[in-house]
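Chain by chain, the residues:
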Amino acid sequence: MTTITRILVANRGEIARRVFATARRLGIETVAVHSDADAGLPFVAEADHAVRLPGNTPAETYLRADLVLEAARKAGADAVHPGYGFLSENAGFARAVLDAGLAWIGPDPSSIESMGSKIESKKLMEAAGVPVLADLGSTATEADLPLLVKASAGGGGRGMRIVRDLAALPAEVEKAAAEAASAFGDGTVFVEPYVEHGRHVEVQVVGDRHGNVAVFGERDCSIQRRHQKVVEEAPAPGLSEETRAALHEAARNAAAAIDYVGAGTVEFLVDASDPTRFWFLEMNTRLQVEHPVTEAVFGVDLVEAQIAVAEGHPVEAPADGPRGHAVEVRLYAEDPAADWQPQSGTLASFGIPGVDVEFGLVPGAPSGLRLDTGFVAGSEVGTHYDAMLAKVIAWAPTRAQALRRLAGALDRATVHGLTTNRDLLVEVLRHPVFAAGDVSTDFFEVQELGSRAGGVDEEAVRRAAFAATVALAEADREARTVQRRIPVAWRNVLSAPQVTELSHAGLEEPVRVEWYGGRDGYAGEGISVLAASSTSVTLEVDGVATTYAVVIDASASVTAPVVHVDSPAGYVRLVRVPRFVDPSEVVATGSLLAPMPGSVISVAVEEGAQVTAGQTVLVMEAMKMQHTVTAPTDGVVSQINVKAGSQVGAGDVLAVVDGVEGEEA
């Protein structure tokens, strides 16, 4: 038995804040480590002690075991919690922590090694009687299609490819291996059958040093994009009690096979067409991102359980089954309509209404709404780390109530400054197929979702643009130093309307707003303005009044400010089109622009090369994902401005492709 007094969290952002919350409640001091890029984030300020790790990238900071251990020594920590990601499943790091005389809040290094390789872990699970999918290796045939190429190390969807054409398998294996090597330092991949319309169901276990393995139910994590989870819930909907019991027993056997200690998750692939069939996927030897839904339905603090086990206490199995239902969504800074492209920049506004608690449970009862986030308004979202902004969790007595509560909270959220997947999440939660419990890993491929397809409600954008125009006019009035009492756009004689143009990413042409001002206030065709300020505008259309909350952000450009508009119709981001174009901002036709800040991984062509539309020109890496930049048309590469290793900013010209005569670039 040992008593932990000061925990260093070898991680950042949301999970660091989560561990700190439990540590504070237990009376344990906390230590943060942080990169230079993270110095201003909330988790650093919340810790009792903080130690800088010089540098910005994970390789320079959070993946440096030597620096983390030196930080623990400097700060006087007696325990290390790894969070998830980074070094959390690194057996060498766990061993180094123990060798340094510190308590390791995680499983034994031998358990991490046993499950660190998906190839070897499948062999181990098969020997323990846990069903697994066959490793086809190079023996795959047409009859085995479709196939799934997976990285043996790591997770998060990186190093994973679906193959439907056997001839494409070698190339996809090569791509997956390269991505896995970049992400995890291990390019080993394997090939297994891809189960169409499968479900991703995982079981939460906690083992102790007394031989006990407690099972805290299961979670469904089937709603995924790029093989990364987006929506999770507990308990898993639609499973029979027999299947549920079989999954729990298989997870218990898996944990017992490696004498597992601490919190861990055994993941299974369930056949959606026959839920009695399931196969072992992997075991995550750490706390999962989606652990809050389990905490909500079982009334347990899993971080507290981790600490208790690390101190030598026996684990307490849940006395009863799950209570009610909990759903979690991952709010990402990404653009679903642009192939989930990660976004970076300043989070101008950030608020979720109705949140009961952050990073933990309401003592004695599940919370209605919970928020776990590493950011606040004003935080900088960089390119070095994952694009997740927050996890929003809802609990209710029934699944339907939880879905409605969570969708409503997200609908009313204010998230400005970055494109996010917020609207898509709301659409998923309200989708009739999802509401019916018909969940699968191919949900986004099978179902029609307007947000993902880039669908735009043009009438909603038009009204938001009118509200934005009025707010801009009010901001100009408020900034006056003279003639403050003269109404905006007042004329002695009625003349042509004022015109303001605002661009929207989902529309090819700017929205043209024609409006009148003057003594009687603002008005437009079919629209009356009942109240107006630079932050709130109430419009009346067909006798129905709607209030729009407006935030004007001129930090990047005074002449072309970004205007954020929230209303019951959803969030709309607009940019005022300046009346005159700055010639220095015009780029050559055919220019390939960096979609976000990041680094160039490789350049596939040389200047003067002939390319075809869609051909790879170069590959970038940002926010732990690789992004291919392709030729927009057939043509000749007339200019390349970067090389492998170049750091680029959003909008930088990477290369120029001159289109063939008669085609536009």
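Here, every reference points to the structure presented above.
Rules used in this analysis
Residues numbered from 1 in each chain as written. Predicted model: local features only at pLDDT ≥ 70, side-chain atom pairs only at ≥ 80, totals over all residues. Heavy atoms only, no water. Helix = DSSP H or I, 4+ residues; strand = E, 2+ residues; numbered from the N terminus. Rg over C-alpha atoms; globule rule 2.2 N^0.38 Å. Buried < 20%, exposed > 50% of the residue type's maximum accessible area, 1.4 Å probe, protein only. Contact = heavy atoms within 4.5 Å. Areas by Shrake-Rupley, 256 points an atom, 1.4 Å probe, with all protein chains shown as cover. Lys, Arg positive; Asp, Glu negative; His and termini not counted. Charge placed at Lys NZ, Arg CZ, Asp CG, Glu CD. Pairing = 2+ DSSP bridges. Salt bridge = Lys/Arg side-chain N within 4 Å of Asp/Glu carboxyl O. Core = buried A, V, L, I, M, F, W, Y, C linked by side-chain atoms within 4.5 Å. Phe/Tyr/Trp six-rings, centres within 6.5 Å; stacked < 30°, edge-to-face > 60°. Lys NZ or Arg CZ within 6 Å of the ring centre and 35° of its normal. Axes fitted to C-alpha atoms, helices over the stretch in contact; angles between N-to-C directions. Parallel < 35°, antiparallel > 145°, perpendicular 65-115°, else oblique. Left-handed = near helix turned anticlockwise from the far one by under 90°. Nonpolar A, V, L, I, M, F, W, Y, C, P; charged D, E, K, R; others polar. Polar contact = N/O pair within 3.5 Å; in protein donor to acceptor, adjacent residues only side chain to side chain.

Caption draft 1: Region of the structure containing the overall build of the protein chain. A tally of regular secondary structure across the protein chain gives 15 helices and 39 strands. Relative to the compact-globule value of 26 Å for 665 residues, the protein chain shows a C-alpha radius of gyration of 27 Å, a close match. By principal-axis analysis of the C-alpha atoms, the protein chain measures approximately 90 × 60 × 55 Å. Out of the 665 residues belonging to the protein chain, those deemed buried represent 52%. The long-range share in the protein chain, meaning contacts at least 24 apart out of those at least 6 apart in sequence, stands at 62%. Carbon and sulfur atoms form 49% of the exposed surface of the protein chain, whose accessible area is close to 28100 Å². Across the protein chain, the mean location of the 54 positive side-chain charges is 6 Å away from that of the 90 negative side-chain charges.

Caption draft 2: Summary view of the pairing of strand 14 (residues 325-332). The element strand 14 is largely enclosed, with a buried count of 8 among its 8 residues. Burial along strand 14 is two-sided: the residues H325, V327, V329 and L331 and A326, E328, R330 and Y332 are all buried. Here strand 11 (residues 228-234) runs beside strand 14; their pairing, made up of 4 bridges, is antiparallel. The partner of A234 across the bridge, within strand 14, is A326. Here strand 14 pairs with strand 22 (residues 388-396) via 8 bridges, running antiparallel. Considered in strand 22, the bridge of V327 is made with A394.

Caption draft 3: Focus on the pattern of salt bridges. Overall, the coordinates contain 46 salt bridges when judged by the stated rule. Measuring nitrogen to oxygen at the nearest pair gives 2.9 Å for the salt bridge that ties R219 to E202. With R219 in strand 10 (residues 213-225) and E202 in strand 9 (residues 198-207), this residue pair connects regions lying 17 residues apart in the sequence. Here R219 and E202 have matching classes, each one buried. For E202, the salt bridge is made with K229, and the minimal N-O distance between the two is 2.9 Å. Of this pair, E202 sits in strand 9 while K229 is found in strand 11, placing the two residues 27 residues apart along the sequence. The pair formed by E202 and K229 is uniform in burial state, with each residue classed as buried. Ionic contacts of the salt-bridge type, sharing partners, join the residues E14, R18, R25, E295, D301, E304, R370, D372 and K391 into one network.

Caption draft 4: Spotlight on the environment of L539. Positionally, L539 belongs in strand 28 (residues 536-541). Beyond its immediate chain neighbours, meaning those up to four positions away, L539 contacts R463, F466, A467, I527, S528, V529, V544, A545, T546 and Y548.

Caption draft 5: Here's a closer look at unusual backbone geometry. The linkage connecting L145 with the following residue, P146, adopts the cis geometry, with an omega of -5 degrees. Locating P146 in the fold gives a position in the loop between helix 6 (118-127) and strand 6 (147-151). Here H227, not a glycine, exhibits a phi torsion of approximately 65 degrees, which is positive. Its place among the elements puts H227 in the loop between strand 10 and strand 11. Positive phi is not limited to glycine here, since D339 has a value of about 60 degrees. Along the chain, the position of D339 falls in the loop between strand 15 (334-335) and strand 16 (341-342).

Caption draft 6: Quick look at the nonpolar core. Among the nonpolar cores identified, the biggest contains 105 residues, and L8, F93, V231, L406, V428, L429 and F434 are the most heavily contacted of them. Ignoring any residue separated from it by four or fewer positions in sequence, one finds L406 in contact with V327, E328, V329, L369, V392, I393, A394 and L429. By size, the runner-up hydrophobic cluster in this structure holds 29 residues, among which are A465, V470, V529 and Y548.

Caption draft 7: Inspection of the packing of aromatic side chains at higher detail. Taken as a whole and assessed by the stated rule, the structure comprises 10 aromatic pairs. A centroid spacing of 5.9 Å and a plane angle of 45 degrees characterise the contact between W515 and Y522, whose relative ring orientation is tilted. Comparing W515 with Y522, the two get one shared label, buried. In textbook terms, an aromatic cluster arises when at least three aromatic residues are bridged by ring pairs, as seen for W340, F434, F443 and F444. One cation-aromatic arrangement involves R225 over Y332; the distance from NZ or CZ to the ring centre is 4.2 Å. One cation-aromatic arrangement involves R399 over F434; the distance from NZ or CZ to the ring centre is 4.8 Å.

Caption draft 8: Region of the structure containing the sheet that holds strand 39 (residues 653-659). What the 4 strands build is an open sheet, ordered 32-39-37-34; its pairing is antiparallel. On the outer flanks of this sheet lie strand 32 (591-593) and strand 34 (610-611), each paired with one strand and no other. Alignment of strand 34 against strand 37 (residues 635-640), held across 2 bridges, turns out to be antiparallel. For V611, the partnering residue across the bridge sits in strand 37 and is G635.

Caption draft 9: Structural view of the packing of helix 3 (residues 65-75) against helix 4 (residues 91-99). Axis separation between helix 3 and helix 4 bottoms out at 11 Å; the angle between their running directions is 25 degrees. With respect to helix 4, the axis of helix 3 lies roughly parallel. Along this stretch, helix 3 crosses helix 4, giving a crossing that reads as right-handed. Across the interface between the two elements, A65, V68 and L69 of helix 3 pack against F93, A96 and V97 of helix 4. The residue makeup of the contact of helix 3 with helix 4, split by class, is 6 nonpolar, no polar and no charged.

Caption draft 10: Geometry of the side chain of S567. Within the element layout of this structure, S567 appears in strand 30 (residues 562-567). With relative accessibility at 12%, the residue S567 sits in the buried group. In this structure S567 touches T547 and Y548, once residues within four positions along its chain are discounted.

Caption draft 11: The pairing of strand 12 (residues 262-271), seen in detail. Within strand 12, 10 of the 10 residues are buried, which leaves it mostly tucked inside the rest of the structure. As defined by bridge partners, strand 9 adjoins strand 12 across 10 bridges and the pair is classed as antiparallel. For R199, the partnering residue across the bridge sits in strand 12 and is V270. Direction of pairing for strand 12 relative to strand 13 (residues 278-284): antiparallel, over a ladder of 6 bridges. If you follow E267 over to strand 13, its bridge partner there is E282. Between strand 12 and strand 13, which pair antiparallel and follow one another directly, the connecting turn spans 6 residues.

Caption draft 12: Summary view of the environment of V637. Assignment of secondary structure puts V637 in strand 37. Between the alpha carbons of V637 and D335 there is a distance of 28 Å; along the sequence they are 302 residues apart. Beyond its immediate chain neighbours, meaning those up to four positions away, V637 contacts V605, E606, E607, G608, A609, V611, V656 and V657.

Caption draft 13: Here's a closer look at the side chain of Q288. With respect to the element layout, Q288 can be found in the loop between strand 13 and helix 9 (291-298). Residue class for Q288 comes out buried when judged on its relative accessible area of 2%. Of note is the side chain of Q288, whose polar atom sits 2.7 Å from the side chain of R286. When sequence neighbours within four positions are dropped, the list of residues in contact with Q288 reads Y84, E202, R219, K229, T265 and E267.

On their own, these measurements won't tell you what the molecule is for.
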